[in-house]
Amino acid sequence: ETVLVISGAGGVGSLAIQLGSHFGATVLATASTEEKRALCLELGAAQAVAAVEELQQPVDAVFEMAGGPVFDAAMEALAPGGRMVAYGISSKEQNDVRTGRLLKPPIGERCA
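As the structure is a computational prediction, the values presented were derived from the model and not from experiment.

Regarding the pattern of salt bridges
Counting across every chain of the model gives two salt bridges. For R83, the salt bridge identified is with E1, shortest N-O distance 2.7 Å. Residue R83 is located in strand β5 (residues 78–86), and its partner E1 is located in the segment before β1 (2–5); the two are separated by 82 residues in the primary sequence. For E1, a relative accessible area of 54% corresponds to the exposed category.

Laid out in structure tokens, this is it:
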């Protein structure tokens, strides 16, 4: 599986990268600086980017701790059937999650 770790250089993020890599996941991470992205790669991330929007593929799972626009971008990055673990809200920006969005795959993925 492909796992996205938001703020991969942080305490929980760095552990999530190491555990995900150890158990065979392809781990992608976000981090705000080049130094932090380098740390994510050292910890086992296959790719480290500054923002979720830079990713070129959908992900199966997200570990998200920022909230606000980062949460929304992470939701958009999820593959059909993907999962999100929200464990913080460092931005202090609330999000509205509509349950219908969680139940329906994107239009291009719907069965006939």
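So much for the structure itself; the text now carries on.
A short note on the sheet that holds β5
Within the open sheet, the five strands sit side by side as β3-β2-β1-β4-β5. Their pairing is parallel. What marks the edges here is a single partner per strand, and that holds for β3 (47–49) and β5. On average, adjacent strands in this sheet sit at an angle of 20° to one another, irrespective of strand direction. Here β1 runs beside strand β2 (residues 26–30); their pairing, made up of four bridges, is parallel. Bridging from a neighbouring strand, V5 pairs with A29 of β2. Relative to the sheet, helix α2 (residues 34–43) contacts β2 and β3, its axis offset from that of β3 by approximately 160°. Of the strands in this sheet, β4 (59–64) and β5 touch helix α3 (residues 68–77), which is tilted by about 145° from β5.

Basis of the calculations
Residues numbered from 1 in each chain as written. Predicted model: local features only at pLDDT ≥ 70, side-chain atom pairs only at ≥ 80, totals over all residues. Heavy atoms only, no water. Salt bridge = Lys/Arg side-chain N within 4 Å of Asp/Glu carboxyl O. Helix = DSSP H or I, 4+ residues; strand = E, 2+ residues; numbered from the N terminus. Buried < 20%, exposed > 50% of the residue type's maximum accessible area, 1.4 Å probe, protein only. Pairing = 2+ DSSP bridges. Axes fitted to C-alpha atoms, helices over the stretch in contact; angles between N-to-C directions. Contact = heavy atoms within 4.5 Å.

Geometric descriptors of this kind do not, in isolation, establish any biological role.
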